[in-house]
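# Examining the three-dimensional arrangement
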Amino acid sequence: MHRRALLSALPLLAGSGASAQDATSWPSRPLRIIVPFGAGSTTDLLGRLVAQRLGDALGQTVVVENRPGAGGNIGTEAAARAPADGYTLLMGAASTNAINPSLYRSLRFDPIRDFAPVALVGSVTNVLVVPPSLPVTSVAELIALARTRPLSFASGGAGGSIHLSGELFRSLAGLDMVHVPYNGGAAALPDLLSGRVDLMFDGLPTSLPHIRAGRLRALAVTSAERSPVLPEIPTVAEAALPGYEAEGWFALFAPAATPAPILDRLNRELARLLADPSVIAQLSAQGARAGDKVGQEFGRFVLAERDKWGTVIRAAGITLD
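Cut-offs and rules
Residues numbered from 1 in each chain as written. Predicted model: local features only at pLDDT ≥ 70, side-chain atom pairs only at ≥ 80, totals over all residues. Heavy atoms only, no water. Helix = DSSP H or I, 4+ residues; strand = E, 2+ residues; numbered from the N terminus. Rg over C-alpha atoms; globule rule 2.2 N^0.38 Å. Buried < 20%, exposed > 50% of the residue type's maximum accessible area, 1.4 Å probe, protein only. Areas by Shrake-Rupley, 256 points an atom, 1.4 Å probe, with all protein chains shown as cover. Lys, Arg positive; Asp, Glu negative; His and termini not counted. Charge placed at Lys NZ, Arg CZ, Asp CG, Glu CD. Phe/Tyr/Trp six-rings, centres within 6.5 Å; stacked < 30°, edge-to-face > 60°.

## So, the overall build of the chain
- What the chain contains, in helices and strands, is 13 helices and 10 strands.
- Whereas a compact globule of 321 residues would reach a radius of gyration of roughly 20 Å, the chain reaches 20 Å, a difference of no more than 12%.
- Here the C-alpha coordinates of the chain stretch approximately 65 × 40 × 30 Å along the principal axes.
- By residue count, 55% of the 321 residues in the chain fall in the buried class.
- Carbon and sulfur atoms provide 54% of the accessible area of the chain, an area that totals close to 12900 Å².
- Distance between charge centres in the chain, computed from 28 positive and 27 negative side chains, equals 1 Å.

If you want it as structure tokens, here you go:
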């Protein structure tokens, strides 16, 4: 169903009114994908997978450029201001393109208006992880410990899906926890592994190697259903907090004024890529589900996500500037 649904959308995606011949000279040189988070982050891992596969499909090198900082805003702004010629793309995320518009009132760009949606690449559950030195083996035990002393929870930056997963947990459990933001999820891992911070709601692909190696203990996943990658780990909802659900997603965008024939080509290539069983398997191995939305359908999804998280952020009174 996943493959058929994507491929059936291809004729619609090509129907922009522009001749396919208009894009025959593109691409004639290497492309770059800006990743607005550090190397080793979930956004980076999925961005590099897309870069390799898209490069093979286009017959050009696609390089990844990490531009972390300010909750993803530095790299996202750089992509928004790049020439709209099809040679610069953004590997965005729920945080950069749906959450940040509600968190930052003084952004120098508009994450919705300044980008053309290309494709939802993948969705991942976050996973609640603790170092083995923390004396808990379940969510219930973690909550009980947090009622005796404040615990610290790390994130890859204020306002991201990892942070908001922790805030939602803190709110529903009625806990007093200290948020410790880092410049990307990968940057938080050394302090988490050493026990300098108590817990983290991390993207599953980033923490999975440490979980499998026994360097981190997984207590729960944040999705509505258990992850097939860690089927023995319960969801937060079933473990202790009914109604809890939070997922991150990662997607490819282009500057808004990118010519329609180039966008059509990107849409077609990403649709084929995400329907490829080997890509689906690669994403699954990293704890991600392959995306199933391209072009305008994906654009509608982004708007819905912006509205959903905006409501949550306003209700919680969270602001970063």
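Alright, that's what it looks like, and here's the rest.
## Description of the environment of glutamate 269
- Within the secondary structure layout, glutamate 269 lies in helix α11 (residues 260-275).
- On the basis of relative accessibility, which here comes to 12%, the residue glutamate 269 falls in the buried class.
- As for glutamate 269 and alanine 146, which are separated by 123 residues in sequence, their C-alpha atoms are 48 Å apart.

## Examining the packing of aromatic side chains
- Evaluated as defined, the whole model comprises 9 aromatic pairs.
- Here tryptophan 249 and phenylalanine 301 contribute two aromatic rings whose centre-to-centre distance is 5.4 Å and whose plane-to-plane angle is 65°, an arrangement assigned as edge-to-face. A residue pair is termed long-range when its members are at least 10 positions apart, and tryptophan 249 in strand β9 (residues 247-255) and phenylalanine 301 in helix α13 (residues 295-316) qualify at 52 residues. We note that tryptophan 249, like phenylalanine 301, is buried.
- For the pair phenylalanine 298 and phenylalanine 301, a centre-to-centre distance of 6.2 Å together with 25° between the ring planes defines the contact as stacked. A residue pair is termed a helical-turn pair when its members lie 3 or 4 positions apart in one helix, as phenylalanine 298 and phenylalanine 301 do in helix α13 at 3 residues. Here phenylalanine 298 matches phenylalanine 301 in class, with each residue buried.
- In textbook terms, an aromatic cluster arises when at least three aromatic residues are bridged by ring pairs, as seen for Phe115, Trp249, Phe253, Phe298 and Phe301.

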